[in-house]
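Below are the chains, spelled out letter by letter.
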Amino acid sequence: MDPQSETHSIQSLRAAIPREKVAEYPTPLIRADRLALELKAERFFFKRDDLISFGLGGNKTRGLEVILSDALRRKADTLVTGAGVLSNHVRTAAAFASAYGMDCEAVYWGSAPSSAIGNYAIVQMLGAKLNFTDELDRTSVDRHIDYVVQRLRDKGRKSYAIPRGGACGHGVLGHVLAVCELFQQCNELGIEPDRIVLGAGSGGTYAGWLLGIRLLDLPWLVEGFSVSRPREDMENQVLALISEAEAILGVKAQFRREDLQIRDGFIGEGYGIPSIEGNEAIQLVCKTEGVLLDPVYTGKAMAGFKSEIQTGKLSRSGTTVFIHTGGEPNYYSLSN
Ligand SMILES: Cc1ncc(COP(=O)(O)O)c(C=O)c1O
């Protein structure tokens, strides 16, 4: 791409980002008036990425479509990736491996749980090989992925390592394509968003939305609610991921820390542990719109958004698009 050009078109971005499209797009953009009334927010929409028509849906498909294109270019026969046992990313990566006739090695921190629930059960149905690091430290997954790649290399296999949670430059570019999609959809429907709201775990989704919006020169703000790590850590991660994605695209959008809007007050007791506020937000959205959020990502992001507009830290006015990034397969294993 032209590194000098400050703005890019949807067409130029789509041409520059190859992907293995496994789902039907665009995902629905639905107006949520009853929820808006409850929240006293002016206009509210859900972008239903939970309904992505592959591997039980969710935002991870978008990143993996671009990652897979790179893996196929490199003639990989095995996807090696990891996270925690309830990971949506690992479930989706395993579905990609199955759909493309590849093997998948799933690397999880800790030791094997006694029962197979939620995504962990689905990953097994998808035929992924399971590896446990036997360490509770999440970064143990990163070291173990390297170990599995080496083991496969010794056997003459060509594996492709996808960083924990799919957080890498190619993954980020999948979300840049989501911005192109929403922009086109909004143009067709006559909607002008003021802000995008989403939950941030590894930071890849947030990074992609921010980068895409900047490259298309849109006036949309991106409000991210961290569900996993303190704000500063998340900002560092997002800035690093944006740089990685920029290097692949051959552009430089000059982001500064001040360009990021990330909040970390709604994580609760920790990543993957449902919070009271998150569960209340899930119930509110269920009762007003019949839409199910999840307790790890979207429920906490909604709790954060609700609190911030109620306390006046975010404005009630304007048009909000909440990215429903999915995660429902874990719902029954985490709720009580
Ligand atoms: C359902 C869901 N929503 C949001 C996220 C956060 O995305 P990211 O890790 O790109 O920040 C994830 C990540 O696993 C997810 O599974």
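Please read these numbers as outputs of a predicted model, since none were measured by experiment.

Topic: the overall build of the protein chain
Across its full length, the protein chain holds 12 helices and 10 strands. In terms of C-alpha radius of gyration, the protein chain reaches 19 Å, essentially the compact-globule figure of 20 Å for 336 residues. Overall, the protein chain is about 60 × 50 × 35 Å in size when its C-alpha atoms are taken along their principal axes. For the protein chain, restricting intrachain contacts to residue pairs at least 6 apart in sequence, the fraction spanning at least 24 positions comes to 76%.

Some thoughts on the pattern of salt bridges
The final tally for this structure, using the stated rule, is 25 salt bridges. For R231, the salt bridge identified is with E235, shortest N-O distance 3.1 Å. Of this pair, R231 and E235 both sit in helix α9 (residues 231-249), 4 residues apart, which is roughly one turn of that helix. If you follow the salt bridges from partner to partner, you end up with K47, D49, R62 and E181 in one network.

Topic: the domain arrangement of the protein chain
Segmenting the protein chain into domains produces domain 1 (10-58 + 168-334) and domain 2 (60-165). Here the C-alpha centre of domain 2 lies 24 Å away from the C-alpha centre of domain 1. At the boundary of domain 1 with domain 2, total buried surface from both sides reaches about 2500 Å², with 57% on carbon and sulfur atoms. Among the residues domain 1 hides against domain 2, the three largest losses belong to E20, F54 and H170. Together they make up 24% of the total. Scanning the region where domain 1 abuts domain 2 turns up 3 salt bridges. Here R62 ties to E181 by a salt bridge, and the two come within 2.9 Å at their closest N and O atoms.

Considerations on the site of the ligand
Residues in close proximity to the ligand total 14 residues, the closest being N88, G201, S202, T205 and T325. Between an oxygen atom of the ligand and a main-chain N or O atom of G201, the distance comes to 2.7 Å. Taking G203, its main chain carries an N or O atom lying 2.8 Å from an oxygen atom of the ligand. Coverage of the ligand by the protein chains reaches 96% of its 380 Å² of free accessible surface. Of all the cavities here, the one that holds the ligand is the largest pocket.

A few points about the pairing of strand β5 (residues 129-132)
One ladder, built from 4 bridges, connects strand β4 (residues 103-108) with β5; its direction is parallel. The residue bridging Y108 from the neighbouring strand is F132, located in β5. Handedness of the β-α-β unit built from β4, helix α5 (residues 118-125) and β5 comes out right-handed.

Looking at the layout of surface pockets
Taken as a whole, the largest pocket spans an internal volume of roughly 520 Å³. If you go around the largest pocket, you meet 31 residues; those closest to its centre are K60, G165, G201, S202 and Y297. A total of 3 residues in the lining of the largest pocket trace back to one element, the largest contributor, which is helix α4 (residues 88-99). Considered class by class, the residues forming the lining of the largest pocket number 7 nonpolar, 18 polar and 6 charged. Looking at which domains feed residues into the lining of the largest pocket, each of domain 1 (10-58 + 168-334) and domain 2 (60-165) supplies at least three. There is about 270 Å³ of room inside the second largest pocket. Every residue lining the second largest pocket is counted, 16 residues in all, and those nearest its centre are G84, V85, L86, W109 and Y271. Grouping the amino acids of the lining of the second largest pocket by side-chain chemistry returns 9 nonpolar, 7 polar and no charged.

Rules behind the numbers
- Residues numbered from 1 in each chain as written.
- Predicted model: local features only at pLDDT ≥ 70, side-chain atom pairs only at ≥ 80, totals over all residues.
- Heavy atoms only, no water.
- Helix = DSSP H or I, 4+ residues; strand = E, 2+ residues; numbered from the N terminus.
- Rg over C-alpha atoms; globule rule 2.2 N^0.38 Å.
- Contact = heavy atoms within 4.5 Å.
- Salt bridge = Lys/Arg side-chain N within 4 Å of Asp/Glu carboxyl O.
- Domains from an automatic or database assignment.
- Buried area = accessible area lost by both parts, 1.4 Å probe.
- Near = heavy atom within 4 Å.
- Polar contact = N/O pair within 3.5 Å; in protein donor to acceptor, adjacent residues only side chain to side chain.
- Areas by Shrake-Rupley, 256 points an atom, 1.4 Å probe, with all protein chains shown as cover.
- 1 Å grid on protein atoms, 1.4 Å probe; cavity = no way out; pocket = protein on both sides within 12 Å on 5 of 7 lines; lining within 4 Å.
- Sits in = over half its atoms within 2 Å of the grid points.
- Pairing = 2+ DSSP bridges.
- Right-handed = clockwise from strand over helix to strand, strands pointing away.
- Points joined across faces, edges and corners; volume = space filled by probe spheres on them.
- Nonpolar A, V, L, I, M, F, W, Y, C, P; charged D, E, K, R; others polar.

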